[in-house]
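# Fold and contact review
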Amino acid sequence: MAAARPRPAAPGGKRRGASSGGAMEAAGGEERQLLIQRLKAAVHYTVGCLCQDVAEDKDMQFSKQTIAAISEITFRQCENFAKDLEMFARHAKRSTVTAEDVKLLARRSNSLLKYITQKSEELVSSNMEQKERKKKKSSSAKAGRTAEEQEAAVAESEDSNMA
Amino acid sequence: MEERDGGAGGFRKETVDRLLRLHFRDGRTRVNGDALLLTAELLKVFVREAAARAARQARAEDLERVDIEHVEKVLPQLLLDF
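None of these values were measured; they are calculated from a predicted model.

Ranked by size, the top nonpolar core spans 55 residues in total, and within it Val47(A), Phe62(A), Ile70(A), Phe11(B), Leu20(B), Leu42(B) and Phe82(B) carry the most contacts. Going through the elements one at a time, helix H1 (6-58), helix H2 (64-91), helix H3 (99-105) and helix H4 (110-143) of chain A together with helix H1 (13-23), helix H2 (33-60) and helix H3 (68-81) of chain B are the ones with two or more residues in this core. If we ignore the near neighbours within four places in the chain, the residues touching Val47(A) are Ile67(A), Ile70(A), Ser71(A), Thr74(A), Phe11(B) and Val47(B).

Below, the structure written as structure tokens:
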């Protein structure tokens, strides 16, 4: 019996090897399929919300199939976007996709490019604002004294009233 | 413009991140925060454009309900424009 076990291990081993390789691939594939399903559902939800906005705007109704179709199209378009973005970043010898890459993605329509560029500038200025706030906080923390902190707090609240 | 929530306004950062990384060929490729927000905006414009164009097509046919055939009609130009 003990001898019998390792024996079938040889052909069984091949089978096990093949099936475990297959099982691992299948498991990876299954995980990927699961991820795809979840992402499709997330996209579908947001597409539904956005279509609802447009429906109210235009006083029209969207059929469920329409929303599903737009959702599917959007999901597929993401694949194109992703591959392009990766290539743009690689072309610039980077491994991180940046705002510049996304702007390049929006090049086909002038109005789209303008819109995205504007959004990008808004992000840059809001990032700078955040940095300013952090600097103020850290400088008042370094000062450490309660009196100075109170002064800084008063100054900040005055600024917000003026803004 | 601080909408992190993707329900009403657009796509969530995390969703966009996973969507993009799903299709990257290199496992090391990442997307920075600003690029994620911009991509989310781009996708939002894409969806709204698709919906608006389909609605316009349906209205041009004197209909009140946008059906899949209207999407089909506007799809080629939409993809060319993006």
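Let's shift gears to the environment of Lys44(B). Locating Lys44(B) in the fold gives a position in helix H2. As a C-alpha pair, Lys44(B) and Thr15(B) span 29 residues in sequence and 13 Å in three-dimensional space.

So, about the confidence of the model for chain A. Per-chain confidence: chain A averages 82 in pLDDT, with 71% of residues scoring 70 or above. Below pLDDT 50 for its whole length, residues 8-18 of chain A participates in six contacts with residues either more than four positions away or in separate chains.

It is worth spelling out a positive patch on the surface at this point. Residue and element names in this part refer to chain A. A contiguous patch of positive charge, built from Lys131, Lys134, Lys135 and Lys137, is present on the exposed surface. Residue position: lysine 135 is located in helix H4. Accessibility expressed as a relative area gives 54% for lysine 135, which makes it exposed.

Contact geometry for H2(A) and H1(B): axes closest at 8 Å, N-to-C directions at 70°. One way to sum up the angle between H2(A) and H1(B) is to call them roughly perpendicular. H2(A) and H1(B) meet at a crossing whose hand is right-handed. For the pair formed by H2(A) and H1(B), the contact residues are Phe75(A), Cys78(A), Glu79(A), Ala82(A), Lys83(A), Leu85(A) and Glu86(A) on the first element and Leu19(B), Leu20(B), Leu22(B) and His23(B) on the second.

Further remarks concern the confidence of the model for chain B. Residues and elements named next belong to chain B. With 90% of its residues at a pLDDT of 70 or more, chain B shows a mean pLDDT of 91. When the criterion is pLDDT under 50, residues 1-7 qualifies, and its contacts beyond four places in sequence or with other chains add up to 13 contacts. With a pTM of 0.78, the predicted complex shows an ipTM of 0.91.

This next bit is on the packing of aromatic side chains. How two aromatic rings sit relative to each other is given by the distance of their centres and the angle of their planes. Residues and elements named next belong to chain B. Evaluation of the coordinates by the stated rule reveals one aromatic pair over all chains. Each ring, one from phenylalanine 46 and one from phenylalanine 82, has its centre 4.9 Å from the other, and the planes form 90°; the classification is edge-to-face. Of the two residues, phenylalanine 46 sits in helix H2 while phenylalanine 82 sits in the segment after H3, which places them 36 residues apart along the sequence.

On the secondary structure map, Glu86(A) appears in helix H2. This buried residue, Glu86(A), is left without a salt bridge; Arg90(A) holds the nearest opposite charge, at 5.0 Å. Here Thr29(B) takes part through its side chain, which lies 2.9 Å from a polar atom of the side chain of Glu86(A). Sequence-distant contacts of Glu86(A), that is, excluding residues within four places in its chain, are made with His23(B), Phe24(B), Arg25(B), Asp26(B) and Thr29(B).

Rules behind the numbers
- Residues numbered from 1 in each chain as written.
- Chains lettered and ligands numbered in written order.
- Predicted model: local features only at pLDDT ≥ 70, side-chain atom pairs only at ≥ 80, totals over all residues.
- Heavy atoms only, no water.
- Core = buried A, V, L, I, M, F, W, Y, C linked by side-chain atoms within 4.5 Å.
- Buried < 20%, exposed > 50% of the residue type's maximum accessible area, 1.4 Å probe, protein only.
- Helix = DSSP H or I, 4+ residues; strand = E, 2+ residues; numbered from the N terminus.
- Contact = heavy atoms within 4.5 Å.
- pLDDT = per-residue confidence, 0-100.
- Patch = residues over 30% accessible without salt bridge, like charges linked within 9 Å, V, L, I, M, F, W, Y side chains within 5 Å.
- Areas by Shrake-Rupley, 256 points an atom, 1.4 Å probe, with all protein chains shown as cover.
- Salt bridge = Lys/Arg side-chain N within 4 Å of Asp/Glu carboxyl O.
- Lys, Arg positive; Asp, Glu negative; His and termini not counted.
- Charge placed at Lys NZ, Arg CZ, Asp CG, Glu CD.
- Axes fitted to C-alpha atoms, helices over the stretch in contact; angles between N-to-C directions.
- Parallel < 35°, antiparallel > 145°, perpendicular 65-115°, else oblique.
- Left-handed = near helix turned anticlockwise from the far one by under 90°.
- Phe/Tyr/Trp six-rings, centres within 6.5 Å; stacked < 30°, edge-to-face > 60°.
- Polar contact = N/O pair within 3.5 Å; in protein donor to acceptor, adjacent residues only side chain to side chain.

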